[in-house]
Every structure is written in structure tokens, then in C-alpha cells.
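Notes for the structure review
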Amino acid sequence: MPTGQGRTMTGSFSARLGAVTAERGRLCVGLDPHEQLVADWGLAYDASGIERMARETVAALADQVAVFKPQSAFFEVFGPAGVAALQRVLADIAQTGALSILDVKRGDIGSTMGAYARAHLSEGAPMAADAITVSPYLGFEALRPAIDLAHESGRGLFVLCRTSNPEGAAVQLATSAGRTIAQQVLDAAQAENTATGLDDVGLVIGATHEDAGVDLTGFTGWVLAPGIGAQGGTVEGLAAIFGDAVGRVLPSTSRGVLRAGPDASALREAAAATVLR
């Protein structure tokens, strides 16, 4: 089911994600070419080196992994050459049958949010992905341009809700009108899913917490759960965190797989050891 960069989508993002995870299992491999990882692969830490690392990872796992999540910042740091490398990585992912979640954490207002949305969610955009991460902390409704364009183009969003970093708690677990901010984000995302029936607005909730910190009862979207591996989260611990919602959780690991490279067989073994079925 090749979809992605510049292509017309068939069906909803949520349905496509359900289909590919049913076939390949639930695992998102983050493409985060940290400087030390790139050096460990024996590559130069430049645009060419990070591109090679990312594309060789995609090639090794092309028929095995359901989702790849390039972290835009690690490419943007090398300027135009890095952005061009990211475009080629997204194109590679689109050819594998896997889906791409571009980790950009965009969040702004008005026409600026609209421009971010067009950059990553519109048909024919060079930097388009199957889904992107977005931040709701300028107000959930400020994401409206991205929400509407995602629905229009058949793409998805993952909204930061209860992130894996400990600093996030000060904002996300603060209360307003008797509910935590994180719970209000979840409720707004579910209201959107209920209104459209598409379930294409998901959440980001870290796999590093003792519990999700929100009530996921009745939430019908997907949950992207970063933090597996190097940050201390485990696939085995997901049921305790997410309870009955674990069936719609997409665990994400980056270094836990990438540090097995550059050997393709080792990358495949690392991914196979992390997949959730």
C-alpha cells in the first residue's frame, strides 16, 4: 500500500495504519540520526552521513516495519542539504508500503499554522508525510488548519498530550476547569474523531510513565508511544500504562533499533524483538 509523499491517499489514515499494523505488527522506528549513532555506524556526521544511515535503515526494514518516524530536526540542522536528504528518506518510506510520521511538532496560529499544514499534509508537497506530530499548546483549535487539511488529504495527526519528557508534566498535568490540560487535549481530539468518524487525530503519550495520566476510555484514535528502549520504556510495560487501550498503541523506538546497525540483519533482529502484536 505505498502512500505518502505527493501521493493521493486512499481511505483514512487510521484505516491505513490499522491495515499495515495488522500485517506487520505495531512498531514505529524513529529515524533520529544522533551524532554519536552516526559515528558508531562509521559515517561522517554530515548531510550525506545522516541520509545514508536513514535510508539504509529503511531499506533493511522495508518489508518488516509498519511505520517510520523521521525526526525533522536532525535533518534540518544541515540546512538545504539535510532537508533534501529528508525528502529522499520520505520518498523511500513511501515505496516500502510502510507509513511515515514526520516528527515536526508544529504548533502555531492562523496563516502560519496553515503554511505548516500545507508543507507537510498537502498533495504534491515535497515534505508531505502520511502524518505529522503537532503541538496543541497554543490552544487545540489553533490546530484547525492542520486538522482540516489532514482530513481533506487523507492524512493524520498525532497531538502532543502526555509527552515522555519529565518537564512536560508541569504544563500537561496542570488543571483548568477541573480537568488536566492533557485530558482536555484528549477530549478535544476525540470530539474531532467523533465528528468526522475518521479517527485520524491521534495522541502522543510517552511509554515512560507509570500510567498514561489521562482517561483513554472511549478514545478511538491511535496513540503514538515514544520512549521505548533508550528512554526506559518497554513493550512489555505498555499494557500497564494504557490498559484496555493498548490495542491502538503504536510503540516507537529509535536508538533501540538504530544502534544495532549498520548490519541489516542486526537491524531486522532489533526491530523484530520490539514489535507489538
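Residues numbered from 1 in each chain as written. Predicted model: local features only at pLDDT ≥ 70, side-chain atom pairs only at ≥ 80, totals over all residues. Heavy atoms only, no water.

1. Topic: the packing of helix H6 (residues 110–121) against helix H7 (residues 144–153)
Running from N to C, H6 and H7 cross one another at 30°; their axes reach a closest spacing of 8 Å. In terms of their interaxial angle, H6 and H7 are classed as roughly parallel. Pair H6 / H7 crosses with right-handed handedness. Facing H6, whose interface residues are Gly110, Met113, Gly114, Ala117, Arg118 and Leu121, H7 presents Pro145, Ala146, Leu149, Ala150 and Ser153. Residues belonging to the contact of H6 with H7 are distributed by class as follows: seven nonpolar, three polar and one charged. (Axes fitted to C-alpha atoms, helices over the stretch in contact; angles between N-to-C directions. Helix = DSSP H or I, 4+ residues; strand = E, 2+ residues; numbered from the N terminus. Parallel < 35°, antiparallel > 145°, perpendicular 65-115°, else oblique. Left-handed = near helix turned anticlockwise from the far one by under 90°. Contact = heavy atoms within 4.5 Å. Nonpolar A, V, L, I, M, F, W, Y, C, P; charged D, E, K, R; others polar.)

2. Points about the pattern of salt bridges
What the rule picks out here adds up to 14 salt bridges. One salt bridge in this structure joins Arg88 and Glu51, with 2.7 Å as the shortest N-O distance. Taken together, the residues span a long stretch of sequence, with Arg88 in helix H5 (residues 79–96) and Glu51 in helix H3 (residues 47–60) at a distance of 37 residues. Note on Arg88: relative accessible area 37%, which makes it partly exposed. Here Arg179 makes a salt bridge to Asp187, at a shortest N to O gap of 2.6 Å. (Salt bridge = Lys/Arg side-chain N within 4 Å of Asp/Glu carboxyl O. Buried < 20%, exposed > 50% of the residue type's maximum accessible area, 1.4 Å probe, protein only.)

3. Remarks on the side chain of Gln71
Among the structural elements, Gln71 can be located in the loop between strand S2 (67–70) and helix H4 (72–76). Of the polar contacts made by the side chain of Gln71, one reaches the backbone nitrogen of Ala73; its length is 2.9 Å. Setting aside residues no more than four positions away along its own chain, Gln71 makes contact with Leu31, Asp32, Asp103 and Lys105. (Polar contact = N/O pair within 3.5 Å; in protein donor to acceptor, adjacent residues only side chain to side chain.)

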